[in-house]
Amino acid sequence: MKRDVVLPLIPLRELVSFPAAIIPILVGRERSINALKYAREKYNNYIFLSVQKNQISENPMAAEIADIGIIARVEKSAEQVNGSYRVIIQGMERAILREFLKEDDYFLVRVSTLEEITDNSKQLVELARDLIAMFEEYVTLKKVRLHGIVAKLQPNQVSEITDVIVSVINIPISIKQSLLEELNVRDRAMKLYNILKKEVFRLRAESGVREPRRPGNEPAENDIEEYKRKIENAEFPDYVKKRAKEELERLGMMPPFSAESTVSRSYLDWLLAIPWTKVKEENKDIKRASAILEEDHYGLEKVKDRILDYLAVRQLVTKPAGEILCFVGPPGVGKSSLSKSIARALDRAFVRVSLGGVRDEAEIRGHRRTYIGSYPGQIIQGLKKAKFKNPVFLLDEIDKLNSDFRGDPASALLETLDPEQNAEFVDHYLDLEIDLSQVFFITTANTTDPIPPALKDRMEVIELPGYTEREKLAIAKNFLSKKQAEKNGLKPGDYVFSDELILKIINHYTREAGVRNLERQIAVIMRKIARYFVEEGKTAPFILTHEYVQKFLGIPRFTRLKVLNKNEVGVSLGLAWTQVGGDILIIESRCLKGKGDLILTGRLGDVMKESSSTAFSFAKVKLSELEFDIDELEKYNIHLHLPEGAVPKEGPSAGVTLAVSIISLLTGIPVKSEYAMTGEITLRGKILPVGGIKEKIIAAHRYGIANVLIPSENEKDYREDVPDDIKQDLNIHLVDNMDELLEIVLEKPIKIKNINSKVIRPFLQSEIQ
């Protein structure tokens, strides 16, 4: 029955509300906030909602508000920090706006409720079922979490079905408003069905999913015959063909438009889409593969050699096992792009799946076929995309996997990445064995620490260290500048970069192990040059200068620590490894009166703090062994500081540098400034091997340090990893213990005649020359 009511009005932007739908809205405009307050205080939480015709209008006039809207009830409202309100609205019934009673500080309107035109025929119920099925397929293809809404829809509540569905699907505001204004329930349902059908067809085309039969399509018998013909012609293994025929027989006994038939059709479509036996012939020309790898990437010799070794084995072995490689390295060193280059060198299909943030085991092994929205896992989806059973399959960011109540994806990968098991991989959706032994799996990670040991054991780990300064220079000249020039409409002869300027960009505008940010900076310069040619007219090659670099890129973002230029007491020079390459580490020690404590500053991690304590204890033990009196130390605190306090520092490799700084302070013997060192120290003074030797030595060379001390056990790393041109410029000292090291780096030996006293105490600032 129609009735008139007076209610406050809130005009909606970019939103049409419907009866039977519960929606959240944000109320922020002054008139709308006032209307909300009056609805709560005087109108028993009832309000009228209608969309405004001009969506960008901040203060709509009465004529700019649609006539037909809904009467709704305010269920909850909460004031936000900025004064706006977050409101939960329950739609009640359609109404038409008759008259504006108030328009100043809020809208007050008189509205009349509207009656729908409906019937309870079987045809309308059947239409509702088709509408629910179409909406269910829309939800599945769209991959949105609305299955809970689907489960609550009842075919005998046609009006509510249409209002709920249209309130959650993504269609233009004007179409939503037209459906709100449609009072004939049958016409509204049919319009919505056609809209959903169009959207579903579009989503099917985008995802490659075959269209199941719907009302108005060919008869179901023709559909069965088509499947039968495709199954007979498909190159299936026998056990797959048997399962496909069984599923087709089940489909033939189902009602054509039932939910079960949709599940069955989807399953058959997946069986037909997977390349069960189709193999792409790969390139076996090693010279051609080598040329492609050299063309795409500079350096990375170990990885290239590994791929060429693989190609050689493929030519000698009839049935080689599948390969599982894991590229480990910092961001931007080319892990993902190298995988694509390997696929190009082998002339195989390439598939990439990102595992970052994946928590659900079903993403790997698929969902069990128990509901309409189930689908295979990423492995099977990747094979479908590749269209061959032997692609190069990249599992990116494997160290970013997570696990929760839905399972552990890392455990699900154990079978996938095990050459002894993946020939019989079973996806939960297909419930059939599929051979993955010919897939070339490549995984990438920034670090191997988060990867479970069992999974790591199944992969051949290949480390991609950060690029050296010289490698970055070569990459910038030969790859990045040409790529960005072409991308911005420039030719190689349109610009001139000197090596000096490229090095300036590398060292002062980027700080990374890879070249990703370097490419961004070069892209900025290329865009500026392109703009210069357009605005000023191209007359000659653009010659980049220091002034132009600063003009285009701004002031330098990074500066280097200044290397020591004189020998000092209590100051030593160490070498450090970081995720963006090697760097130097200046360690300072000073004393102040106290109780014999060791004070540590400079944002040191737990391991480095322990190294500092070990170094301090070694220094005291060493001086005691030389028959010096160290009792006086109990009256002083030793303060160790590592500059650049905002930068976290961690690891044991600064142990020798810390010990040298402390011993220099206690004896007053300066440390030679032209020496840098690295190594872990024990209480007995033994020097243990450390990592990152290549990056550390390159950092020393970059800073112009000619003498470097490293543990003897790291000699092999030095011989194999450090470029020959850098070796020629450095004097490397291999040391086994602190006695050898102290003899090299201190100005004078630790003897009483050089210290002038047998009583050891720290040298105060005023006593240090």
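See the structure above.
### Section: the pattern of salt bridges
Inspection of the entire model under this criterion finds 35 salt bridges. With its nearest N and O atoms 2.5 Å apart, the salt bridge here joins Glu93 to Arg3. Of this pair, Glu93 sits in strand E5 (residues 85-102) while Arg3 sits in the segment before strand E1 (4-12), and the two are 90 residues apart along the sequence. Taking relative accessible area as the criterion, Glu93 reaches 23% and is therefore assigned partly exposed. Using a relative accessible area of 40% as the deciding quantity, one classes Arg3 as partly exposed. For Arg110, the salt bridge goes to Glu99, with nearest N and O atoms at 3.3 Å. Here Glu99 lies in strand E5 and Arg110 lies in strand E6 (residues 107-113), a separation of eleven residues in the sequence. The structure contains a network of salt bridges with shared partners spanning Arg94, Glu116, Asp163 and Arg188.

### Remarks on a negative patch on the surface
A surface patch of negative charge is lined by Asp597, Asp629, Asp631 and Glu634. Here Asp631 lies in the loop between helix H21 (606-625) and strand E19 (636-641). Look at Asp631 and you get exposed, because its relative accessible area is 57%.

### Examining a positive patch on the surface
Taken together, the side chains of Lys487, Arg527, Lys528 and Lys551 make up a positively charged region of the molecular surface. Looking at where Lys528 falls in the secondary structure, it is placed in helix H19 (residues 516-536). The class of Lys528 is partly exposed, set by a relative accessible area of 31%.

### A word on empty space enclosed by the protein
Per the stated rule, a full pass over the model turns up four cavities of 30 Å³ or more. By volume, the largest cavity amounts to about 50 Å³. Lining the largest cavity, in full, are Pro11, Arg29, Arg31, Ser32, Glu58, Asn59, Pro60 and Phe107. Grouping the amino acids of the lining of the largest cavity by side-chain chemistry returns three nonpolar, two polar and three charged.

### A few points about the environment of Phe236
Counting through the fold element by element, Phe236 comes out in the loop between helix H7 (220-233) and helix H8 (238-252). Separated by 335 residues in the primary sequence, Phe236 and Val571 have C-alpha atoms spaced 73 Å apart. Once residues lying within four places of it in the same chain are set aside, the contact partners of Phe236 are Ile231, Lys241, Ala244, Leu271, Leu272 and Trp276.

### Some words on a nonpolar patch on the surface
Taken together, Val313, Leu316 and Val317 make up a surface patch of nonpolar side chains, about 290 Å² in accessible area. With respect to the secondary-structure elements, Val313 resides in helix H11 (residues 301-316).

The rules behind these values
Residues numbered from 1 in each chain as written. Predicted model: local features only at pLDDT ≥ 70, side-chain atom pairs only at ≥ 80, totals over all residues. Heavy atoms only, no water. Salt bridge = Lys/Arg side-chain N within 4 Å of Asp/Glu carboxyl O. Helix = DSSP H or I, 4+ residues; strand = E, 2+ residues; numbered from the N terminus. Buried < 20%, exposed > 50% of the residue type's maximum accessible area, 1.4 Å probe, protein only. Patch = residues over 30% accessible without salt bridge, like charges linked within 9 Å, V, L, I, M, F, W, Y side chains within 5 Å. Areas by Shrake-Rupley, 256 points an atom, 1.4 Å probe, with all protein chains shown as cover. Lys, Arg positive; Asp, Glu negative; His and termini not counted. Charge placed at Lys NZ, Arg CZ, Asp CG, Glu CD. 1 Å grid on protein atoms, 1.4 Å probe; cavity = no way out; pocket = protein on both sides within 12 Å on 5 of 7 lines; lining within 4 Å. Points joined across faces, edges and corners; volume = space filled by probe spheres on them. Nonpolar A, V, L, I, M, F, W, Y, C, P; charged D, E, K, R; others polar. Contact = heavy atoms within 4.5 Å.

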